[in-house]
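Tertiary structure, described
Spelled out, the chains give:
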Amino acid sequence: MQLFPCPFCGLREETEFHFAAEAGKVRPEPAPGVSDARWAAYLYLNDAPKGVAREIWVHRTCGEFFIMERDTVTREVISSSALPGRAG
Amino acid sequence: MSGWRHPTAGHVDRTRPVRFFLDGRPLEGFAGDTLASALLASGERVLGRSFKYRRPRGLWGMGGEEPNALFDVTENGHTTPNVRATSLPLREGMALRSVNTAGGGTALAPSLIDLAQRFLPAGFYYKTFMAGGWMRWEPMIRRMAGLGRLDPGTVPVADAPAVNIRCDVLVIGGGPAGLAAARAKARQGAAVWLVDEAPEIGGSLRWRGGQIEGADWHAFQRDVAETVASAGGRVLPDTSVWGAFDHGLYAAWERRSGHPDRHWRLRARDVVLATGAIERPLWFANNDLPGVMSAEAALHHLSLFGAVAGRRVVVATTNDSAYFAAEALAAAGCRVTIADTRQNGPTVSDGVAHLLGASLQRAHGSRSVGRVTLNGGPDGAGAEFDADTILVSGGWTPSVHLHCQAGGKLDWRTDIDALVPRAGTSPLKAVGAAAGTFGLAASLQEGHRVAGGDGPAPRAEGATWHIAPVRPDPTLTGRQWVDLQNDVTVKDVALAAREGYRSVEHLKRYTTLGMATDQGRTSNFAGLAAMAALTGRTIPETGTTTYRPPFAPVPLGVIGGTRRGERFAPLKRLPLEAAHRSQGALMREYGWWLRPAVYGEDGLDENAAADDEARVARERVGLYDASPLGKIEVLGPGAAELMDFCGYIRMSTLAPGRARYGLMLNETGVVHDDGVVLRLAEDRFILSASSSHVASVRLILEEARQDRFDPSRVVLHDVTDGWVTLTVTGPRAGAVLASAGLPEALCDDAALPHMGVVETRWAHGRLRVTRVSFTGDRSYELSVPARHGRALHAVLDGAVTAEGGRWIGLEAVLRLRAEKGYILIGKDTDGITMPHDLGWTRPREKRSDEFFGRRALFTPEASRPDRRQLVGLSVEGAEALPVGAHVVPTEGARRSLGFVTSSGHGPGVGRPVALAMIEGGRGLMGARVDVFHLGAVVPARIEAPCAFDPAGKRLHA
């Protein structure tokens, strides 16, 4: 059972969190100018790195989304921070 | 000859006999015995049968490594299967059922399966029973295999609670090294949790004894316990740490007598691994005979319980540790011969025969050891002599499981012939025998040093043991067992090697080596060593299998704890549940909520009752509890913008005081939820998500709010649980409101038209009334703060009864909505349904702003003309179509065009109605199709989804 640091609530067990997205993915829009391939890539293609990953997670109990950097091999959590413009 | 009870040795209470039963035969032990020691002392040799060949098997060990002595134990009417005799204290009246005996008990004649053994090599089942399909044979094989039997009637007396604990230091194992480490840490002020699987801390000191710091070891034991307690820590005996998990989580099972067991979830800053080591067997022909036992285990049973393994004892060893056992047994009155594979060994007392350079070749006997054959020694090759007991010590295997579970690596140490934890590769710090340090003085020192202890380590005497390597000899005749619990021999390992299963992971799966409930404690190393010898590789080259939790078998009931039955996934309860029940509601689960299904007396015909309720609601008026309907408040100047982006149907154009049906998609364009949105003010919406989708809808809104919009301009507030909503529906709904004494303005259709919402006050305070309909009839949803729910219930109950109406359950509501073609997301839709499949085409065609899921509505897949679309189905006759039945063409090749999603008796139309998803269905109105179900075909006709009052006149009537 991993412990994740919510920037607002501190360390909590992983069952309180949901993965949301890989960080840095930009939603392609407006829709009419986006090719099928680009949209499919946005929806389904992830880097899923072996090693350090930068991801958006949500702490379901407080409802806040945040950025977490973690190592997918060692399970080490490197950092977590509020979304830009949000107090941490 | 076999085991016996020493007149004085051990700590059992000889004044308190304890009666128990083995396969129905009465036996006697003493208070303080374990099942194992009581069985050993009462002379029972054959304690069970082996898994595959049904060979007689006896006691081998003293703890979690025990592969043979497993029993289904019945106590006070409760049966626990596959209990290790070594780990359960003896209690009065316990009934033991031996395993793998097919009811014949331990007295069974020599096994026919064993005689056929050469036709049953490793992989036999895999190779043989593929003919005709494994599924055909599996039930028969399962009946033959498989340890103890579950008693389905057994229910735990009480659930094992789970306890979460944080501590500074967790010390796993209370042997000499663990004690020294715990005391050193506690002296520095750390809160130490010292966990041991035995009933008392001390580890090997308990049966080996010893002097520490110039006094009997008990003084040291007491000092450790007191130091730990005074620093805020705790000693936890009878507790097995069974798993190391991510981020320093350790799971431990505490066994308690007279109380439910407990499941500890421990998180510690530092962890000391002091789990000790397990004695290895030796490999010779018939090394599985009852009477062959671990030397250390024999010492353990003698010192603690006065249970002596036999009379004429051969101690076969490769190392110094077994000499202590040999001397103890000789002192107890046994005739002892030491057979040491080494050319040099410690000196022995007078009366103990000592053979050097001697190794066991074969044990003889049918149900128990009778004679042994030795190789080497003074008499040269092939010397035979009588012995009733063989105590073996093939070296020691450090218990590194938890270190490896935590990701640790191992190093090979030639000097002790073992794999030990590589320091720094896991968060656990190994000490003592777990780290390959054998001997009391060395263990104490290491525990103290690794814990960073101040001052000198606890002093003790005792040399470090010398251990010589030994390997299975594949050339020896006869069967040498490697894995006693899963019946794997050296020959099976050789077969695996010949057939190319040389990786240890393949070896394990092919032969099932180490896959039994003892987790290969006594067998993994032997299998590994045999494979290394057969393939000419070293042990590090051969590698080890992956260590996974659990380290010890844990009852599923302990892991599950209180999370079973109703508490497995707790249901949400209505604030008015008691009121519904008092009116005869039959409560049932709908999307995590426990809601009234129908009302009536016990034993009623539920279908007929629901039909009747629906009919009353159509003809006069019905009242139902709609509290689970989601109520997500969306507040702030940015509210409309957020609603527009997250919804398929725009809400910014909705006027305050009005309601609008909406759909929420996910980014793949699939309909996630539907529901009505209320706009109470320019900057205030309430989103009525469907009752089972509230949390996920809120998450979609929340993500957009934080990721895309200015979160300071809009906030979300899920108030679903804070309100009671009762819905009045039917032609006389307006009359009910009037006679209930609610504000008159509510009945004014100009002030509150269909799809209107007002916030007003009534006798008890706030009241929100919404004119939306899930039934097709004039309906009023009345919402009040939950604390006023009983009051609202009371006034509506009286008024509805006065108007000739009644309470209706969810089953009636579902009938009413089905004939109106109102869908339920997840029932009438699935994971590919898009809004235009449901007929909601306009926003897809007309909206030019961005919204959630928009792009996905224009993929080639989304534009296929043969997408399944929502339609209605009508049938001749009174029989409703089965839900899930496939719709097929009436002519040509039979293939599925789609399926029935909802079906039932339509209370308004007076005939069966159905909804279905059918390929290109909206273009097939009026077409005849067949509905195929379980071989039967029923003709049906495609219609519009709405079968009743398609013009919607009743909404205003």
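The shown structure was predicted, so the numbers you read here are calculated from the model rather than taken from an experiment.

1. Quick word on the overall build of chain A
A count of helical and extended segments in chain A gives one helix and six strands. Dimensions of chain A, computed from the C-alpha atoms along their principal axes, are close to 40 × 30 × 20 Å. By the burial criterion, 32% of the 88 residues in chain A qualify as buried. Roughly 4800 Å² of accessible area belongs to chain A as shown, and the carbon and sulfur atoms make up 53% of that amount. Side-chain charges in chain A split into 10 positive and 12 negative, and the spacing between the mean points of these groups amounts to 2 Å.

2. Considerations on the sheet that holds strand β50 (residues 911–919) of chain B
Residue and element names in this part refer to chain B. An order of β47-β50-β49-β48-β51-β52 is seen for the six strands of this closed barrel, with the pairing classed as antiparallel. Each strand of the sheet is rotated relative to its neighbour by a mean of 45°, with strand direction disregarded. Direction of pairing for strand β51 (residues 928–933) relative to strand β52 (residues 936–943): antiparallel, over a ladder of six bridges. Within the sheet, the bridge partner assigned to Val931 lies in β52 and is Val938.

3. A closer look at the confidence of the model for chain B
Looking at chain B as a whole, its pLDDT mean stands at 92, while 95% of the residues score no less than 70. For this predicted complex, the interface score ipTM comes out at 0.96, while the overall pTM is 0.87.

4. Comments concerning the interface of chain A and chain B
Reports of interface size often rely on the accessible area that becomes lost once the parts have come together. Each partner contributes to the interface: chain A provides 27 residues, whereas chain B provides 27 residues. Taken over both partners, the interface formed by chain A and chain B buries close to 2300 Å², and the fraction arising from carbon and sulfur atoms is 49%. Summed over the three residues of chain A that lose the most area to chain B, namely Met1(A), Arg27(A) and Phe65(A), the buried surface amounts to 25% of that side. If you look at where chain A meets chain B, you find seven salt bridges. Close ionic contact of Arg267(B) with Glu13(A) constitutes a salt bridge, the shortest N to O distance being 3.2 Å. Across the chain A-chain B interface, the total number found is 16 residue pairs in polar contact (both at pLDDT 80 or more). Breaking the side of chain A that touches chain B down by element, the ones donating at least two residues are β3 (17–22), α1 (36–44) and β5 (64–71) of chain A. A per-element tally of the side of chain A that touches chain B places α1(A) first, with five residues. Residues that form the side of chain A that touches chain B fall into these classes: 15 nonpolar, four polar and eight charged.

5. Observations regarding the pattern of salt bridges
Residues and elements named next belong to chain B. Considering all chains together, one arrives at 69 salt bridges over all chains under this definition. We note a salt bridge from Asp849 to Arg650, for which the minimum N-O separation is 3.9 Å. Of this pair, Asp849 sits in the loop between α24 (842–846) and β47 (868–875) while Arg650 sits in the loop between α19 (639–646) and β38 (658–665), and the two are 199 residues apart along the sequence. Accessibility expressed as a relative area gives 24% for Asp849, which makes it partly exposed. With a relative accessible area of 36%, Arg650 lands in the partly exposed category. We note a salt bridge from Arg864 to Glu861, for which the minimum N-O separation is 3.8 Å. The exposure class of Arg864 is partly exposed, given its relative accessible area of 40%.

6. Some remarks on the nonpolar core
Proteins that are soluble and globular tend to have nonpolar side chains buried together. Residues and elements named next belong to chain B. Counting residues in each nonpolar core, the largest one holds 51 residues, and the members touching the most others are Leu39, Phe71, Leu96, Val336 and Leu391. It is helix α8 (residues 295–305) that provides the largest number of residues to this core, a total of seven residues. What Leu39 contacts, discounting residues up to four positions off in sequence, is Phe20, Leu22, Leu27, Glu44, Leu47, Phe71, Ala85 and Leu96. Counting residues in hydrophobic clusters, the runner-up holds 39 residues, among them Tyr648, Leu687, Ile700 and Leu857.

7. Some thoughts on unusual backbone geometry
Phi is mostly negative for residues that are not glycine, and the peptide bonds are mostly trans. Here the bond from Glu29(A) into Pro30(A) is cis, since omega is 0°, no more than 30 degrees from zero. The topology assignment puts Pro30(A) in the loop between β3 and α1. Backbone torsion omega between Pro549(B) and Pro550(B) reads 0°, so that peptide bond is classified as cis. Here Pro550(B) shows up in the loop between α15 (539–542) and α16 (556–560). Even without glycine at this site, Arg75(A) takes up a positive phi of about 70°. Within the fold, Arg75(A) resides in the loop between β5 and β6 (77–82). Phi is positive for Leu934(B), close to 50°, though the residue is something other than glycine.

8. Some details on the pairing of strand β6 (residues 70–75) of chain B
Residue and element names in this part refer to chain B. Judged by how many residues are buried, β6 sits mostly within the fold: five of six residues are covered. Note: β6 against strand β7 (residues 78–84), five bridges, orientation antiparallel. Note on β7: the bridge partner recorded for Thr74 is Thr79. Counting the residues in the hairpin turn of β6 and β7 gives two residues, including Asn76, whose phi is positive at 50°.

9. Re the packing of helix α18 (residues 606–619) of chain B against helix α23 (residues 810–818) of chain B
Residue and element names in this part refer to chain B. Direction vectors running N to C along α18 and α23 enclose 60°, while the axes themselves pass 8 Å from each other. With respect to each other, α18 and α23 are oriented oblique. Remark: the crossing between α18 and α23 carries right-handed chirality. Contacts between α18 and α23 involve Asn607, Ala610, Asp611, Glu613, Ala614, Ala617 and Arg618 from the former and Glu811, Ala812, Arg815 and Leu816 from the latter. By residue class, the composition of the contact of α18 with α23 is five nonpolar, one polar and five charged.

10. Looking at helix α11 (residues 440–450) of chain B
Of all 11 residues in α11(B), eight are buried; the element is thus mostly enclosed. Looking at the buried residues of α11(B), the elements they touch are α5 (176–187), α6 (205–208), β11 (211–212) and α7 (217–230) of chain B.

11. Considerations on the packing of helix α12 (residues 490–498) of chain B against helix α14 (residues 524–535) of chain B
Residue and element names in this part refer to chain B. Contact geometry of α12 with α14 gives a least axis separation of 10 Å together with a crossing angle of 50°. In this view, α12 runs oblique relative to α14, as classed from their interaxial angle. Once α12 is placed against α14, the crossing between them reads as right-handed. Facing Val493, Ala494 and Ala497 of α12, the residues of α14 in contact are Gly527, Ala530, Met531, Leu534 and Thr535. Classifying every residue of the contact of α12 with α14 by side-chain character gives six nonpolar, two polar and no charged.

12. A word on the packing of aromatic side chains
For any two aromatic rings, the description comes down to two numbers: the centre-to-centre distance and the angle of the planes. One pass over the structure, following the stated rule, counts 19 aromatic pairs over all chains. Ring geometry for Phe4(A) versus Trp57(A): centroids 4.9 Å apart, planes at 65°, classification edge-to-face. Here Phe4(A) is found in strand β1 (residues 3–6), whereas its partner Trp57(A) is found in strand β4 (residues 52–59), with 53 residues between them in sequence. The same class applies to Phe4(A) as to Trp57(A), namely buried. Here Phe645(B) and Phe709(B) contribute two aromatic rings whose centre-to-centre distance is 5.9 Å and whose plane-to-plane angle is 70°, an arrangement assigned as edge-to-face. With Phe645(B) in helix α19 and Phe709(B) in the loop between α20 (694–707) and β41 (715–718), this pair connects stretches of sequence that are 64 residues apart. Each member of the pair, Phe645(B) as well as Phe709(B), carries the same accessibility label: buried. Feature note: the residues Phe4(A), Phe17(A), Phe19(A), Trp57(A) and Phe66(A) constitute an aromatic cluster, connected by ring pairs.

13. A short note on the environment of Val887(B)
Residue and element names in this part refer to chain B. As for its position among the elements, Val887 is in strand β48 (residues 886–888). Assessed through its relative accessible area of 0%, Val887 is described here as buried. C-alpha of Val887 to C-alpha of Leu96: the two residues are 791 residues apart in sequence and 58 Å apart in space. Beyond its immediate stretch of four places on either side in the chain, Val887 contacts Leu873, Arg895, Ser896, Leu897, Gly898, Phe899, Ile918, Val929, Asp930 and Val931.

14. Some details on the confidence of the model for chain A
Averaged over all residues, the pLDDT of chain A is 94; the fraction at 70 or higher stands at 98%. At the low end of the mean pLDDT range in chain A sits strand β2 (residues 10–13) of chain A, at 94; at the high end sits β4(A), at 97.

Rules used throughout
- Along every chain, residues carry numbers that run from 1 in the direction the sequence is written.
- Here the convention is simple: chains get letters from A, ligands get numbers from 1, in the order in which they are written.
- The predicted origin of the model limits local features to residues at a pLDDT of at least 70 and limits the giving and counting of side-chain atom pairs to 80 or more, whereas totals for whole chains, interfaces and linings rest on all residues.
- Remark: hydrogens and water are excluded; side-chain values derive from all non-hydrogen atoms of the structure.
- Secondary structure elements follow DSSP: runs of H or I of four or more residues count as helices, runs of E of two or more count as strands, with numbering from the N terminus.
- The cut-offs for exposure are 20% and 50% of the maximum accessible area for each residue type, with area from a 1.4 Å probe on protein chains only; residues under the lower value are buried, those over the upper are exposed, and the others partly exposed.
- Note that accessible areas follow from Shrake-Rupley with a 1.4 Å probe, and for residues the cover is restricted to the protein chains shown.
- Under the convention used here, Asp and Glu are negative, Lys and Arg are positive, and both His and the chain ends fall outside the count.
- By convention, charge coordinates are those of NZ in Lys, CZ in Arg, CG in Asp, or CD in Glu.
- The pairing criterion is simple: DSSP has to find at least two bridges between the two strands.
- An axis is simply a line fitted to the C-alpha atoms; with a helix, the fit covers only the stretch in contact. Between two such axes, the angle follows the N-to-C directions and lies from 0 to 180 degrees.
- Known as pLDDT, the predictor's per-residue confidence is scaled from 0 to 100.
- Residue contacts follow a heavy-atom distance rule, with two residues in contact if any of their heavy atoms lie within 4.5 Å.
- Joining two parts hides part of their accessible area as seen by a 1.4 Å probe, and the buried area is that hidden amount summed over both.
- We define a salt bridge as a contact between a side-chain nitrogen of Lys or Arg and a carboxyl oxygen of Asp or Glu at a distance within 4 Å.
- Polar contacts, as used here, are pairs of N or O atoms within 3.5 Å; protein pairs need one atom able to donate a hydrogen and one able to accept it. Residues neighboring in sequence count only if both atoms are side-chain atoms.
- Each residue is assigned to one class: nonpolar for Ala, Val, Leu, Ile, Met, Phe, Trp, Tyr, Cys and Pro, charged for Asp, Glu, Lys and Arg, and polar for all the others, Gly among them.
- For this analysis, a nonpolar core means a set of buried residues of the types Ala, Val, Leu, Ile, Met, Phe, Trp, Tyr and Cys, connected via side-chain atoms within 4.5 Å.
- Any angle that falls under 35 degrees is termed roughly parallel, while one over 145 is termed roughly antiparallel, one within 65 to 115 roughly perpendicular, and all others oblique.
- Put simply, a crossing is left-handed when the front helix is turned counterclockwise from the back one by less than a right angle, and right-handed when it is turned clockwise.
- Put simply, two rings from Phe, Tyr or Trp (the six-membered ring, in Trp's case) pair if the centres are within 6.5 Å, and we call them stacked under 30 degrees between planes, edge-to-face over 60, tilted for the rest.

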